[in-house]
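Observations on the three-dimensional arrangement
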Amino acid sequence: MDQLTDMLGTLSGIIWSEYVLIPLLLLTGLFLTIRLRLLQFHKLFHALWLALVRRKEAEGVQGDISHYQALSTALAATVGVGNIAGAALAIGMGGPGALFWMWMTGLVGMATKYSEALLGVKYRQEDSVGKQSGGPMFYLRRGLPGGLGLTLGVLFAVFGAIAAFGIGNGTQANTVSQQLNNVWGVPTWVAGIAMVIIAGTVILGGIKSIGRVAAGIVPIMIVLYIGISLTVLVVHVGDIPAALALVVTDAFTGQAAAGGGAASVFVVIQAGVARGIFSNESGLGTGAIAAAAAKTDQPVRQAMVSMTQTFIDTLIVVTMTCLVIIVTGVWEEDGTGDGAQMTSEALQSGLSAITPALGTMGGYIVAIAVAVFAFTTILGWSYYGERCIDFLVGHKGVPVYRVVFVAMIYVGAVASLDLIWVASDIANGLMALPNLIGLLLLSPVIVQETQKYFSNPDWKNPDIKVPDVRQQ
């Protein structure tokens, strides 16, 4: 068993290496950015308005949840351990310059997320009980001709269903139980039972229940985490210019990376891009599944809303984590290799400058944030896996999947299943391959839909209806 785990670990390292997924994801995002003429930059403010102010479309359009709830569900699945522990590890491995490459990954990833969501809404369809089903498996099957689309769609759904149990469930449940045990001494089995009851109540209620809970919890936690981080940055406001300069210069010199020297630039790039992708999931296709549930009749409009997920996740939350670690100097001192611990120390250091009492809160803040973000990731991924099962076997498999998924939460909370975790990590990476192929082959449809929508002089009207562009 140990040998199998080691072999799978090696395979996972290859898939997620700088030779396979990292360049494919980054180059696909760059390709879509160019084809969409930098859309994520000049349409960002309108997209944020749609997502955070407008929030929903007029009544009577197809869909299960609002714009805002679809965005919150996607954020629930992505804003998590990667934003706190993963971002810190990137700084620990690659130095401050890793943040620059996380920015680059986020910026081009917005175009990828936009494209995924557009196709997710365009090619979605109702399941046998009237719920919307969409995502890469559907736009691969319906958008690509012959057996190619069906084969890629099935592969994505299979890998997605597997990944949901590991990266979207077991590892997250284990993170929650360990945080509660380490900080407050809560037994892991007690945490497991509590999560099964709470998550089960939400998950068994379907996407409407998940959407409501995500819309209530996720924004509050993000705002609170940003608020605490900004408090630390205000205390160290004089250090911010130097920190930003270090981020930019170190991105191209690698002086602060492990080993130092120009050769370490590759370490900086790898750390930043890998953690950036892990954080926002742009290119994996998962965001398209949530987008397809939105109440909308305009794929482009939901695509704009969805691309704000990557902006919020990477350009805001990850940036907060990294800057706090840099300005407090913790990145130079911490040698534990524990990302959550590094972030905790940075917050403690920053808040202690205000008052020692606040400093002691740093560890609790990180523990709560990690636990809540990991828990909401379970909710988001439960829906992703459910839609994959619906694609593969139909709605009859969904109730069974939900029960098994909820039961797996307890297993993840109390056990260390290294083999399953590694296998799910591989499946998580393999999800991206058919999705990236689909995005590249369907890029003419993405461009055509986008041009059709924005060619209307009244496109800023949130109630405008633009005829759907169908691939011939």
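Everything here concerns the structure above.
Conventions and cut-offs
Within any chain, residue numbers begin from 1 and follow the written order of that chain's sequence. Whole-chain, interface and lining totals are the exception, using all residues; otherwise, since this is a predicted model, local features are given only for residues with pLDDT of at least 70 and side-chain atom pairs are given and counted only at 80 or more. Working from all heavy atoms in the structure, the side-chain values ignore hydrogens and water. For the purposes of this entry, the term helix denotes a DSSP run of H or I that reaches at least four residues, the term strand denotes a run of E that reaches at least two, and both are numbered from the N terminus. In this setup the radius of gyration rests on C-alpha atoms only. A globule is expected at 2.2 Å times the number of residues raised to 0.38. Buried residues are those whose accessible area, probed at 1.4 Å on protein chains only, stays under 20% of the maximum for their type, while exposed residues exceed 50% and partly exposed ones sit between those limits. Here, residues are in contact when the closest pair of their heavy atoms is within 4.5 Å. For the accessible areas, the method is Shrake-Rupley and the probe is 1.4 Å, while residue cover comes only from the protein chains on display. What a helix should span is 1.5 Å times the count of its residues minus one. Two axes are fitted around each residue, one to the seven residues ending there and one to the seven starting there, and the angle between them is reported as the bend at that residue. Like-charged residues within 9 Å of one another, or nonpolar side chains (Val, Leu, Ile, Met, Phe, Trp, Tyr) within 5 Å, are grouped into patches, provided each residue has over 30% relative accessible area and no salt bridge. Any carboxyl oxygen of Asp or Glu within 4 Å of a side-chain nitrogen of Lys or Arg constitutes a salt bridge here. In this tally, Asp and Glu contribute negative charge and Lys and Arg positive charge; neither His nor the terminal groups of the chain are included. Charge coordinates come from a single atom per side chain, which is NZ of Lys, CZ of Arg, CG of Asp or CD of Glu. The reported arc concerns the directions from the helix axis to the C-beta atoms and nothing else. We call two N or O atoms a polar contact when they sit within 3.5 Å, provided that within protein one can donate a hydrogen and the other can accept it, with sequence-adjacent residues counted only if both atoms are side-chain atoms.

**Quick look at the overall build of the protein**
- A tally of helices and strands in the protein yields 22 helices and two strands.
- Its C-alpha atoms give the protein a radius of gyration of 21 Å, within 12% of the compact-globule value 23 Å for 472 residues.
- Expressed as a percentage of the 472 residues in the protein, the buried residues total 59%.
- Put simply, 80% of the contacts in the protein that link residues at least 6 apart link residues at least 24 apart.
- Of the roughly 17700 Å² that the protein leaves accessible, carbon and sulfur atoms contribute 66%.

**Notes on helix H7 (residues 97-122)**
- Its 26 residues give H7 an end-to-end C-alpha distance of 38 Å, which sits within 8% of 38 Å, the value for a rise of 1.5 Å per residue.
- Its maximal kink placed at Gly 109, H7 deviates by approximately 30°.
- A large share of H7 lies buried, amounting to 24 of its 26 residues.

**Some words on the environment of Val 213**
- Tracing the backbone shows Val 213 in helix H11 (residues 206-235).
- Once the C-alpha coordinates of Val 213 and Tyr 225 are considered, the two residues, 12 residues apart in sequence, prove to be 18 Å apart.
- Beyond its immediate sequence surroundings of up to four residues, Val 213 is in contact with Val 202 and Leu 379.

**What to know about a positive patch on the surface**
- On the surface, Lys 56, Lys 208, Arg 212 and Lys 295 cluster together into a positively charged patch.
- Along the chain, the position of Lys 208 falls in helix H11.
- A relative accessible area of 38% places Lys 208 in the partly exposed class.

**Remarks on helix H20 (residues 398-414)**
- Taking 1.5 Å of rise per residue, 17 residues should cover 24 Å, and H20 covers 25 Å from first to last C-alpha, within 8% of that figure.
- When H20 is considered as a whole, its buried residues turn out to be Val 398, Tyr 401, Arg 402, Phe 405, Val 406, Met 408, Ile 409, Gly 412 and Ala 413. Seen end-on, H20 carries its buried residues on one side only, within an arc spanning 155°. Exposed and facing more than 90 degrees away from the buried side of H20 are Val 400 and Val 403.

**Some words on a nonpolar patch on the surface**
- There is a patch of nonpolar side chains on the surface, built from Trp 189, Val 190, Ile 193, Ile 197, Ile 198, Tyr 410 and Val 414 and spanning about 630 Å² of accessible area.
- Those elements giving two or more residues to the nonpolar patch turn out to be helix H10 (188-203) and H20.
- Residue contributions to the nonpolar patch peak at five residues, all from H10.
- Following the sequence through the fold, Trp 189 ends up in helix H10.

**Quick notes on the pattern of salt bridges**
- What the rule picks out here adds up to six salt bridges.
- Of the charged contacts in the structure, one is a salt bridge between Asp 127 and Arg 387, with a shortest N-O distance of 3.2 Å. Of this pair, Asp 127 sits in the loop between strand S1 (125-126) and strand S2 (132-133) while Arg 387 sits in helix H19 (residues 361-393); the two residues are 260 residues apart in sequence, bridging distant segments of the chain.
- A relative accessible area of 2% means that Arg 387 is categorised as buried.
- Among the salt bridges present, the one from Asp 390 reaches Arg 387, with a minimum N-O distance of 3.9 Å. You can see Asp 390 and its partner Arg 387 sitting in helix H19, three residues apart, about one turn around the helix.
- One salt-bridge network, in which partners are shared between bridges, spans Asp 127, Glu 386, Arg 387, Asp 390 and Arg 402.

**A word on the side chain of Thr 314**
- Along the chain, Thr 314 falls in helix H15 (residues 299-327).
- Note on Thr 314: relative accessible area 0%, which makes it buried.
- Separated by 3.2 Å, the side chains of Thr 314 and Asp 313 make a polar contact.
- Discounting chain neighbours no more than four positions away, the residues touching Thr 314 are Met 102, Gly 106, Gly 276, Ser 279, Asn 280 and Thr 319.

**Considering the environment of Gly 350**
- Note that Gly 350 resides in helix H17 (residues 339-352).
- For the pair Gly 350 and Lys 131, spaced 219 residues apart in sequence, the C-alpha separation works out to 47 Å.
- In this structure, Gly 350 is in contact with Val 232, Val 235, His 236 and Thr 328, ignoring residues within four places of it in sequence.

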